[in-house]
Amino acid sequence: MFSKKLAAPLALVAASVIAFSGCAANEAAAPATSGGAASGLNGRLTGKGASSMSVAQTTWIAAFQTANPGVTINYSPDGSGAGREAFASGAVQYAGSDRALKDEEMGAGKFAVCAPDSNALNLPVYVSPIAIIYKVDGVTDLKLDADTTAKIFAGKITTWNDPAIAALNPGANLPSATITAVHRSDDSGTTENFTDYLAQAAPSVWNQKSAGIWPDAFPGEAAKGTAGVVGAVQSGNNTIGYADESQAGSLGKAQIKVGNEFFGPTAEAAAKLVDNATKVSGRSANDWALKLDRTAQGQYPIALVSYALVCEHYADSSVANLVKSYVGYIASDAGQKAAQAKAGNAPLSADMQAKLKTSIDSIK
Amino acid sequence: MSTATHTRQAPEDDLALVPAKPRIGDKVFTGLSTGAGIAIFVILAAVALFLIAQAFPALTSTPEMLQSRGYGPFWSWVAPFAFGTVYSAFWALVFAVPVAIGIALFISHYAPRRLASGLGYVIDLLAAVPSVVYGLWGANTFAAALQPLHAWLATYLGWFPLFTPPASGTGRSMLTTSLVLAVMILPIITSLCREVFLQTPKLHEEAALALGATRWEMICMAVFPFARAGIVSAVMLGLGRALGETMAVAMVLSGAGVIKFDIIGQQNPNTIAATIALNFPDASGLRINQLIAGGLILFVITLAVNMLARWIVRRRAAFSGAN
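Since the model is a prediction, treat every value here as computed from it, not as a measurement.

**Student:** How would you summarise the interface of chain A and chain B if you had to cite specific residues and measurements?
**Tutor:** At the interface, 29 residues of chain A touch 23 residues of chain B. If you list the elements that add at least two residues to the side of chain A that touches chain B, you get α4 (80-89), β7 (221-223) and α8 (225-235) of chain A. Top contributing element to the side of chain A that touches chain B by residue count: α4 of chain A, with five residues. In terms of residue class, the side of chain A that touches chain B is built from six nonpolar, 15 polar and eight charged.

This is the structure:
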């Protein structure tokens, strides 16, 4: 039953992997060949965490298991918080989290699956652009800047033909209708990253700290999950919201002004966010917990950065080998591009991939 | 059971004091029913114990601690959600009870027998629909369909505090949510009321009719007084479901941590159950404790409401037409 259930997706992924390895033959080793080198691997890995990278994890797991038939990996997308708890308690060997571990959560000996003297590593392996989606009659190419976006979501701009929006969209046929701004009602990494952008880029309007839960001080409609927000924006009129770019469907996606340029939520522009970020200070050289700079030039500033949480040093060396091999594949060019085809994430730049490889190689 | 056996034995001598020959069936049945009775207490106590134990860290943390590592000071955090829970359930009852009693009366006293049994079956089917289906329907279809009504209410009845503009742009308001809840609790209230109405003694009904009462007067004089306790029980069961409903509210309601009486607006007080469902997946540490403490408050609210209902039923029982 197990093999029957997995046969179809496996075949699909295998096909796409072959396709990719064909067109990128001169680049990094394709998983089929890297699998050959690691084919001695066997065992079980269990991961838990962010649902944002659920599709990507499924893709990675399928490809990795095809290349390494002896390995079984499970990832349950129960949420970032559940993932961090499970990783700390030792229930899983790696976790996915929409934020890096905070300073007070880090520390040697706090992670049951790691060796007693080992800290955790935060590896940003999944970058997903967040689109500002809208459905406004007669408007097809909406342009916004940070202050205007913040004012719309803070309820300070209430109609579409507001001078601030009109100034950014010369010639657009903006209706006089009321704006219905939709946000997430659940605690989510998407909201945390979106409000982080508003707090960093428009501090004069957005006077709240970034948070996974929408601040009650700002009005607007709430809907559950990405699907809920997309549904509310879709079924309403003159609506605006924010959602994972890959889930936006046929809705319009606003272009965001950064410096003097406008950027849409493209993979390349979003991946630059990670390149422009600085490392959180006080962490080890191999830890890539990032402080994102949402105001840097030449990037699309609203993206979700999800981390893989692993140990510096696993208590069990066979687990360490499995994690190294699997997370190594995730952070490789092949892994990033395989996920992009399915999940619509922004592949990490070659530079970032190299940095992560050094970190992953250091796992013991 | 055993007392009945005693009295049936020859009363003229003292043989009545000799216990009846115990039968295996009696023992098994007594054991089973006592066990079931005790089990419900054990289960309830276990739930309460779990809630208290898990909620304890949040309840004993300082407000500053909860501000930095939880969702904020406990009582000011939970108050809007407790309000939202009771408020949404209240509106659900306002919408559901008259309709439910109407349907039940129609089935028991007005409809031709064939239609009645078919209709009763259809109503019971409503109870079998999973709440996530109600949630999907409410969020994607019903809310959008009701949005024009929201706009209309805000425009023409905006002076009334319940309909303060601006109206919700998508229709995911307290009004829509409590209407969805009303549909969900309708079958429970209807089925129970129907059964109770059917229990009205035929003699009472015929006596009322014989005195010259119309059918409506007969229902007021004979059926309602007899069924009052039953109606209250039915409403309480419905209320219990409305208070605890999670998925449908989480999907339909545009909720926030605010206390507002306006039922057509964008920001509505969320319910405790929906708040737990929305935040639990991403919660960790003290936040989990705080959410469970919210669950404890919901447990207390439900318990209080039920006890109040029991008290009303007992107080009214003396005056009901049933005796």
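**Student:** How would you explain the UniProt feature "transmembrane region" (unreviewed entry) in chain B if you had to name every residue and give the values?
**Tutor:** Residues and elements named next belong to chain B. The UniProt entry lists residues 28-54, 74-107, 119-137, 174-197, 218-239 and 291-313 under the feature "transmembrane region" (unreviewed entry), expressed in the numbering used here. In residues 119-137, helix accounts for 84% and strand for 0%; the two terminal C-alpha atoms are 23 Å from one another. A distance of 28 Å separates the end C-alpha atoms of residues 218-239, which is 100% helix and 0% strand.

**Student:** Quick rundown of the sheet that holds strand β11 (residues 261-263) of chain A? Include the residues and the values.
**Tutor:** As a general point, the strands of a sheet are linked pairwise by backbone hydrogen bonds and lie either parallel or antiparallel. Residue and element names in this part refer to chain A. Overall, mixed pairing links the three strands, which are arranged β5-β10-β11 in an open sheet. The two strands at the open ends of the sheet, each matched to only one other strand, are β5 (143-144) and β11. Here strand β10 (residues 255-258) pairs with β11 via three bridges, running antiparallel. Bridge pairing in β11 links I256 to F263.

**Student:** Describe helix α6 (residues 131-156) of chain B, and please don't skip the residues or the numbers.
**Tutor:** Along an α-helix, a turn takes 3.6 residues, which lines up residues three or four apart on a common side. The sharpest bend along α6 of chain B reaches about 45 degrees and sits at G138 of chain B. By the burial criterion, the buried members of α6 of chain B are Y134, G135, G138, A139, F142, A143, L146, Q147, H150 and L153 of chain B.

**Student:** I'd love a proper account of the UniProt feature "domain: PBP" (unreviewed entry) in chain A, names of residues and values included.
**Tutor:** The positions UniProt marks with the feature "domain: PBP" (unreviewed entry) are residues 43-333 of chain A. Overall, residues 43-333 of chain A shows 30% helix and 24% strand. The separation of its end C-alpha atoms is 24 Å.

**Student:** Residue-level account of the domain arrangement of chain A, with values.
**Tutor:** Residues and elements named next belong to chain A. Considered domain by domain, chain A is made up of domain 1 (10-127 + 279-289 + 306-361) and domain 2 (129-269). Look at where the C-alpha atoms of domain 1 and domain 2 centre, and you get two points 31 Å apart. The partner domain 2 presents seven residues to the 11 residues of domain 1 that form the contact. Taken together, the residues of the side of domain 1 that touches domain 2 sort by class into four nonpolar, five polar and two charged.

**Student:** Got a sec to walk through the packing of helix α4 (residues 74-110) of chain B against helix α9 (residues 215-244) of chain B? Specific residues and values, please.
**Tutor:** Residues and elements named next belong to chain B. Between α4 and α9, the least distance of the axes is 9 Å, while the angle of their chain directions is 140 degrees. When the interaxial angle is binned, α4 and α9 end up oblique. Crossing of α4 against α9: the hand is right-handed. On α9, the residues touching T85, A89, A92, L93, A96, V97, I101, L105 and H109 of α4 are I219, I231, V235, G238, L239, A242 and L243.

**Student:** Pulling in residues and values, what's your account of the pairing of β10 of chain A?
**Tutor:** Residues and elements named next belong to chain A. Both β5 and β10 contribute to a ladder of two bridges, which runs parallel. Opposite K143, over in β10, you have Q255 as the bridge partner. Turn length for the β10-β11 hairpin, with the two strands adjacent in sequence and antiparallel, is two residues, and the turn residue G259 shows positive phi of about 65 degrees.

**Student:** Would you mind going over the pairing of strand β3 (residues 94-97) of chain A in detail, with residue names and values included?
**Tutor:** Residues and elements named next belong to chain A. Burial of β3 is two-sided: the residues Y94 and G96 facing one way and the residues A95 and S97 facing the other way are all buried. Across three bridges, the pairing between strand β1 (residues 43-49) and β3 is parallel. Residue K48 lies in a different strand from β3, and its bridge partner there is A95. Both β3 and strand β14 (residues 303-311) contribute to a ladder of three bridges, which runs antiparallel. Of the residues in β14, the one forming a bridge with S97 is Y307.

**Student:** Describe the confidence of the model for chain B, and please don't skip the residues or the numbers.
**Tutor:** Scored by pLDDT, chain B comes out at a mean of 88, with 93% of its residues at no less than 70. Contacts of residues 1-7 of chain B to residues separated by more than four positions or lying in other chains number four contacts, the stretch itself having pLDDT below 50.

Cut-offs used in this document
- Residues numbered from 1 in each chain as written.
- Chains lettered and ligands numbered in written order.
- Predicted model: local features only at pLDDT ≥ 70, side-chain atom pairs only at ≥ 80, totals over all residues.
- Contact = placed C-beta atoms within 7 Å.
- Helix = DSSP H or I, 4+ residues; strand = E, 2+ residues; numbered from the N terminus.
- Nonpolar A, V, L, I, M, F, W, Y, C, P; charged D, E, K, R; others polar.
- UniProt positions renumbered as here; feature names shortened; annotations may be inferred.
- Pairing = 2+ DSSP bridges.
- Bend = angle between axes of the 7 residues up to and from the residue.
- Buried ≥ 20, exposed ≤ 12 C-beta atoms within 10 Å, placed from the backbone.
- Domains from an automatic or database assignment.
- Axes fitted to C-alpha atoms, helices over the stretch in contact; angles between N-to-C directions.
- Parallel < 35°, antiparallel > 145°, perpendicular 65-115°, else oblique.
- Left-handed = near helix turned anticlockwise from the far one by under 90°.
- pLDDT = per-residue confidence, 0-100.

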